[in-house]
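Below are the chains, spelled out letter by letter.
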Number of protein chains: 2
Amino acid sequence: MLSQVYRCGFQPFNQHLLPWVKCTTVFRSHCIQPSVIRHVRSWSNIPFITVPLSRTHGKSFAHRSELKHAKRIVVKLGSAVVTRGDECGLALGRLASIVEQVSVLQNQGREMMLVTSGAVAFGKQRLRHEILLSQSVRQALHSGQNQLKEMAIPVLEARACAAAGQSGLMALYEAMFTQYSICAAQILVTNLDFHDEQKRRNLNGTLHELLRMNIVPIVNTNDAVVPPAEPNSDLQGVNVKAALWALQGGTSVVIANGTHPKVSGHVITDIVEGKKVGTFFSEVKPAGPTVEQQGEMARSGGRMLATLEPEQRAEIIHHLADLLTDQRDEILLANKKDLEEAEGRLAAPLLKRLSLSTSKLNSLAIGLRQIAASSQDSVGRVLRRTRIAKNLELEQVTVPIGVLLVIFESRPDCLPQVAALAIASGNGLLLKGGKEAAHSNRILHLLTQEALSIHGVKEAVQLVNTREEVEDLCRLDKMIDLIIPRGSSQLVRDIQKAAKGIPVMGHSEGICHMYVDSEASVDKVTRLVRDSKCEYPAACNALETLLIHRDLLRTPLFDQIIDMLRVEQVKIHAGPKFASYLTFSPSEVKSLRTEYGDLELCIEVVDNVQDAIDHIHKYGSSHTDVIVTEDENTAEFFLQHVDSACVFWNASTRFSDGYRFGLGAEVGISTSRIHARGPVGLEGLLTTKWLLRGKDHVVSDFSEHGSLKYLHENLPIPQRNTN
Amino acid sequence: MLSQVYRCGFQPFNQHLLPWVKCTTVFRSHCIQPSVIRHVRSWSNIPFITVPLSRTHGKSFAHRSELKHAKRIVVKLGSAVVTRGDECGLALGRLASIVEQVSVLQNQGREMMLVTSGAVAFGKQRLRHEILLSQSVRQALHSGQNQLKEMAIPVLEARACAAAGQSGLMALYEAMFTQYSICAAQILVTNLDFHDEQKRRNLNGTLHELLRMNIVPIVNTNDAVVPPAEPNSDLQGVNVKAALWALQGGTSVVIANGTHPKVSGHVITDIVEGKKVGTFFSEVKPAGPTVEQQGEMARSGGRMLATLEPEQRAEIIHHLADLLTDQRDEILLANKKDLEEAEGRLAAPLLKRLSLSTSKLNSLAIGLRQIAASSQDSVGRVLRRTRIAKNLELEQVTVPIGVLLVIFESRPDCLPQVAALAIASGNGLLLKGGKEAAHSNRILHLLTQEALSIHGVKEAVQLVNTREEVEDLCRLDKMIDLIIPRGSSQLVRDIQKAAKGIPVMGHSEGICHMYVDSEASVDKVTRLVRDSKCEYPAACNALETLLIHRDLLRTPLFDQIIDMLRVEQVKIHAGPKFASYLTFSPSEVKSLRTEYGDLELCIEVVDNVQDAIDHIHKYGSSHTDVIVTEDENTAEFFLQHVDSACVFWNASTRFSDGYRFGLGAEVGISTSRIHARGPVGLEGLLTTKWLLRGKDHVVSDFSEHGSLKYLHENLPIPQRNTN
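Residues numbered from 1 in each chain as written. Chains lettered and ligands numbered in written order. Predicted model: local features only at pLDDT ≥ 70, side-chain atom pairs only at ≥ 80, totals over all residues. Heavy atoms only, no water.

1. Regarding the overall build of chain A
In step 1: A count of helices and strands for chain A gives 27 helices and 23 strands.
In step 2: Residues counted as buried form 58% of the 723 residues belonging to chain A.
In step 3: Residue pairs in contact within chain A that sit at least 24 positions apart in sequence constitute 77% of those at least 6 positions apart.
In step 4: As presented, chain A carries roughly 29000 Å² of accessible surface, and 51% of it is formed by carbon and sulfur atoms. (Helix = DSSP H or I, 4+ residues; strand = E, 2+ residues; numbered from the N terminus. Buried < 20%, exposed > 50% of the residue type's maximum accessible area, 1.4 Å probe, protein only. Contact = heavy atoms within 4.5 Å. Areas by Shrake-Rupley, 256 points an atom, 1.4 Å probe, with all protein chains shown as cover.)

2. Quick notes on the sheet that holds strand β10 (residues 403-408) of chain A
Residues and elements named next belong to chain A.
In step 1: One open sheet holds the 4 strands; their spatial order is β12-β11-β10-β13, and the pairing between them is parallel. Either end of the sheet is taken by a strand with one partner, and the two such strands are β12 (461-463) and β13 (482-486). Each adjacent strand pair in this sheet contributes to an overall mean axis angle of 20°, direction not counted.
In step 2: Sheet topology note: the β10/β13 ladder contains 5 bridges and is parallel. Directly across from Val 406, in β13, lies its bridge partner Ile 484. (Pairing = 2+ DSSP bridges. Axes fitted to C-alpha atoms, helices over the stretch in contact; angles between N-to-C directions.)

3. Some remarks on the packing of aromatic side chains
In step 1: Tallying each qualifying case throughout the model produces 16 aromatic pairs over all chains.
In step 2: Taken together, a centroid distance of 5.8 Å and an interplanar angle of 80° make the contact between Tyr659(A) and Tyr710(B) edge-to-face. Highlighted residues: Tyr659(A) in the loop between β19 (646-651) and β20 (668-670) and Tyr710(B) in the loop between β22 (686-697) and β23 (713-714), drawn from two different chains.
In step 3: On the basis of relative accessible area, Tyr659(A) is assigned to the partly exposed category, the value being 47%.
In step 4: Connected via pairs of aromatic rings, a cluster forms that spans Phe655(A), Tyr659(A), Phe702(B) and Tyr710(B). (Phe/Tyr/Trp six-rings, centres within 6.5 Å; stacked < 30°, edge-to-face > 60°.)

4. Concerning the relation of the copies chain B and chain A
In step 1: Of the transformation placing chain B onto chain A, the axial shift is 0.3 Å and the rotation is 180°, giving an RMSD of 0.5 Å. The symmetry that links the two subunits is that of a two-fold axis. Considering only C-alpha atoms, the residue of chain B closest to the rotation axis is His675(B), which sits at 1.8 Å.
In step 2: A share of 100% of interface residues in chain B that are also interface residues in chain A marks the association as one of identical surfaces. (Least-squares fit on C-alpha atoms with pLDDT ≥ 70 in both.)

5. Re the confidence of the model for chain A
One rule of thumb: low pLDDT means the predicted coordinates there are not for detailed reading.
Residue and element names in this part refer to chain A.
In step 1: Chain-level pLDDT for chain A is 80 on average; 80% of the residues reach the 70-or-more range.
In step 2: Per-element confidence in chain A is highest for strand β14 (residues 512-516), whose mean pLDDT is 98, and lowest for helix α4 (residues 47-50), whose mean pLDDT is 23.
In step 3: Segment residues 136-141 is flagged for pLDDT under 50; beyond a separation of four residues in sequence, or across chains, it makes 10 contacts in the model.
In step 4: Note that residues 230-237 has pLDDT below 50 and, in this model, 11 contacts with residues that lie over four places away or in other chains.
In step 5: Prediction confidence for the complex, expressed as pTM and ipTM, is 0.73 and 0.73 respectively. (pLDDT = per-residue confidence, 0-100.)

6. Re helix α6 (residues 92-107) of chain A
All names here are of chain A.
In step 1: Relative to the 22 Å expected for 16 residues at 1.5 Å per residue, α6 spans 22 Å between its end C-alpha atoms, a close match to the ideal helical length.
In step 2: In terms of residue burial, α6 counts as a mostly covered element, since 14 of its 16 residues are buried.
In step 3: Of the residues trailing α6, Gly 109 is marked for its positive phi of about 100°. (Expected span 1.5 Å × (residues − 1).)

7. Things to note about the environment of Lys275(A)
Residue and element names in this part refer to chain A.
In step 1: Relative to the helices and strands, Lys 275 resides in the loop between α13 (267-272) and β7 (279-281).
In step 2: Lys 275 sits 23 residues away from Ala 298 along the chain, and the two C-alpha atoms are 24 Å apart.
In step 3: Setting aside residues no more than four positions away along its own chain, Lys 275 makes contact with Arg 64 and Asp 270.

8. Observations regarding the sheet that holds strand β8 (residues 382-389) of chain B
In step 1: Read from one edge of the open sheet, 10 strands run β16(A)-β17(A)-β15(A)-β14(A)-β18(A)-β19(A)-β22(B)-β9(B)-β8(B)-β23(B), paired in mixed fashion. Strand pairing shows two members of the sheet lacking a second neighbour, β16 (571-574) of chain A together with β23 of chain B, which therefore form its edges.

9. Points about the pairing of β22(B)
In step 1: Buried residues dominate β22(B), accounting for 9 of its 12 residues.
In step 2: Here β19(A) runs beside β22(B); their pairing, made up of 5 bridges, is parallel. By the bridge assignment, Cys646(A) is partnered in β22(B) with Trp690(B).
In step 3: Strand direction decides the pairing type here: strand β9 (residues 392-400) of chain B and β22(B), joined by 8 bridges, are antiparallel.

Shown next as structure tokens:
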């Protein structure tokens, strides 16, 4: 019944007024009133429904991100959205939420129209109450008992309910819309009204006039005069049919669940904002595959990649390195386009990160060849061999994780580097770059696929369309096995928050400490502090907090450190204990847990090595922490007790790095506690599988009275060629 | 102003009617109307507020789980909950949700009372609209433009707004409560009403009468007659003060955020259901530490455990094993209590899992001694050594993960086993057992702590109170590093869903396949199928789908398999292709992705090994998959290409097990793709850290023109003593 109005309302709009009638939001109802279905079915025999509507005037949107441009929005509410689960009474919370959202959109200058139901449910509730009251239950009310709830409810006739409910329902809508200074109007229709050409034209004119006057039309079926409904269960099918019908008229449709308590408060506005809520129907096919299809391609491409010989994977990477230098001009041309478009919109440091150059491409190619070299012994390495019984041998071997999603910002040089890491480790890859580097990323991805195609695995690396939202990608847990964000720690934090059930590898914070012990050597301290803090203060492995043993205050060593920091123009923040020791203290820290990422340093005083360790555990981020001392026992105590990914003795925090650790290709630095921790090489992109080769071995032979016994002999492991 | 009513309404209730007045729900307001604060401040000087109310009649609840027993509930709405962010107009969606929730609770037989605000906001909206209309903006409405929204809004006087808004607000509440057949009543009060003893008594009488008649009193401040308000920002403080005041009267209070769109639809009902929403205030201190304190104790206890010598950790486990046999009588006595309480409430198989016996305790002790043995070489093992430069040596060593949360169902024997695994790996442990095993778990935990105390690390293993909800625990991501569910695959799935940002180790499904190739040996197939399917069909590593090469249909081998399955009384489900080959097929499968966990088996036909692999990738759960063939090439192709944790050749699926693999102590079987995969030994409870020992090394010495070069020499690793 409702779908009927919703459909017919559109036809004339398309012919007369569009192209700005574009988006229709339809709530999926778990429980459409049976009357709806009957009419939908009979309509399919009525000519004017099946005739495609004029497409010349309107064209539906190709992608959700365009929905925010929708000018006219029809919200059709299924009965299950409007009524409560017990089918008696309205779901007031949801209904009011919907009115609130419709009002927000209307007050943004859009033209909103509501197609509703619920009069029967509302009336049922009303009538039940009246009947009960007339059964003189007033005494029950006065007895303080809740007999009202326990009484049998008489079976009420639907049309009577509708009649009783209609006025109250509209009064309720009216009252609610008044809250937002919005005027609403009631339109009641029946199926027959659409069969009459004149009536249809009148209805159309009325709707137009209302919309023009900034009034929200509320369309409902005139349930009090229609024939009783038949039950039917194929509800989803009806909605889909209705959506397809609307599409023919050039209208985009989203069908979403309007009853889920977590979303019902913002489902309509979410849809208009382009979020992936419900199912989006459009007659315009978006260019290229969907991200789900890309995930499938990356999965199967990755599996093929994993079965290649290590030399073949290295060949692909070498070929990509060649292409980066051979196709230099084309790459730089695409990059120039990005730079031109970004000019004036991006700050200078961001433009610098966006720009490519011949020398950047050359060093990128060199990096790729290093990755190719370290890839030779990654996939298929045997980690463990056990003879379980005679002729029953177990092997644990390294295999790729599966499909990686790498999300990176501005820097397009990230793309070939990450692609090479995925290829080296035999993983499928989804790449999500920033919009600002779209041209550069496109050509670099094409070259990657060209390199991959020499061994027939072109589809293993996929570039995700810039329109896809990162949050939507982070929810594809059936498709993606590991997410690696490459960029600012803010990006990493955002992704960690957005990822639903998919592990994220990356460090979100690097709050590194250096503890200067009472036994520290004067010569070393200044060198180590300068290198840790000043060499590259923006790095995550730069020093943020210097912990000084109490006994060192007012010693030459202490003065030397402060002098050096002054010369290097490092701004000092005093921890509370440090400040209490000084007459004139520098500004006190706001928080001892701060990553400055700049020429700023927090200094705090500690009583001893245990106090330093406690401070690090309380305020650190388990990234990299250092002790400076000449006392080996104190150093070993610190190394054993500090619970961080990297713990150093008399060395700069800045050594915390995959290349400096000699891991070959660096995937990143992880502050996670499982899988990989600290600087991560290619191994971080691998998992293992167990291969068992038997003759006809069954476990029942190994039972207490069985014929066989477990041997569990360790077998020699083929020598590992590190690097 | 609102807090005032909410407070004063309670005093007489306590004196006359309680003990059933117990729970108060207070919404935290981001923006309490300034008038409220003024009054709260002046009250603190009024004697009757500071005098503790009679506690003999009522006592507040000690724990949230008791809130469901609350008989009378006062919902106080902060202004920010009632009004929209722009302070103009009501937040209709939220308001209606609240009415809906209050109605649900009222109709459960509770006595609900609403303390509201919002008259000013409502009136502001109304008056603005009227003023604009009187400025003859009707022409603007008719021009089709949205000039209405852009017009300057005159500053409206708050009392006038209140007067205009009060009637409309009540009409709205009335209309909404009518939906649920609930009668509401209006009570308007001012501060002065409470100073007058007679008025207070009258008010009290009225409220009681209303509640007795099943009517919901809606209390609001008579804003039209009160003095104008002063601004104030210490809102949280006011709410907390109000809560403390209510506590003095023996009333439990929860202050929660009522504006978050994700929760506002069910925040009140959630609170009454005992969920951890907002802050719970109670005068009754719960016995024992909070779960947050337990997390801290497990963390620091775990760190101490990790620094013990491996022999000391083994000693603790041996001592625990001794206690299990020495204290057998006490354990069995506690277990008997659990069994008695569960009698009639639990099904026979569950009772069996719950019950302990001397022989169970003995084999538990044997298992513990095995764990002790395998613990010797777990923590602190060197995995990699690299000479980065002269006197600069890097070491990667195994360390514990941190704090584990292990959630287990009924079986109390899980507790000592899991505790031993945590102790062996140096991890802190939070244990969450089922309510039905409370007595058994308590004594087993006491014995564990007794064992731990021989090396002063008693607190490393904590038993979480049975009242704590699993979902709440799964959100403590700052406290817990890894969750291990031990129980049904439903439990694992639930936990995986509930865990927010904490990795979960466990397999949720074991859909294992066996592919019988055309080159399979007749003798082996029947043996392997029987062992895989029939030996223990409830296990996750039992066979679920048998894939048969097309050429084997209608061969003696095929008939043998079917005969064996008949003898073993295995119910056969036919895959669609298999069904199409048969004249009289068994029942067709509902889904090819089914874990039967019983004597049921799906049979499907495949064309070749590639087809089998595709089927496994599409319908499997990457647990364990087997090929049966005499052709080594086909077998190796299968082993390389099947992307599962365990891939076997001519061996039963049932070998997929930590003990059978020779991993020593088994932690579980993981179907995750990162960290640990397949059967997991103690290694799965370990991570690594990097130790770097230098003299005074800084990275700037290694720069292009620096004095040093990276050596990256692999150094010999101390021989690993596997088991």
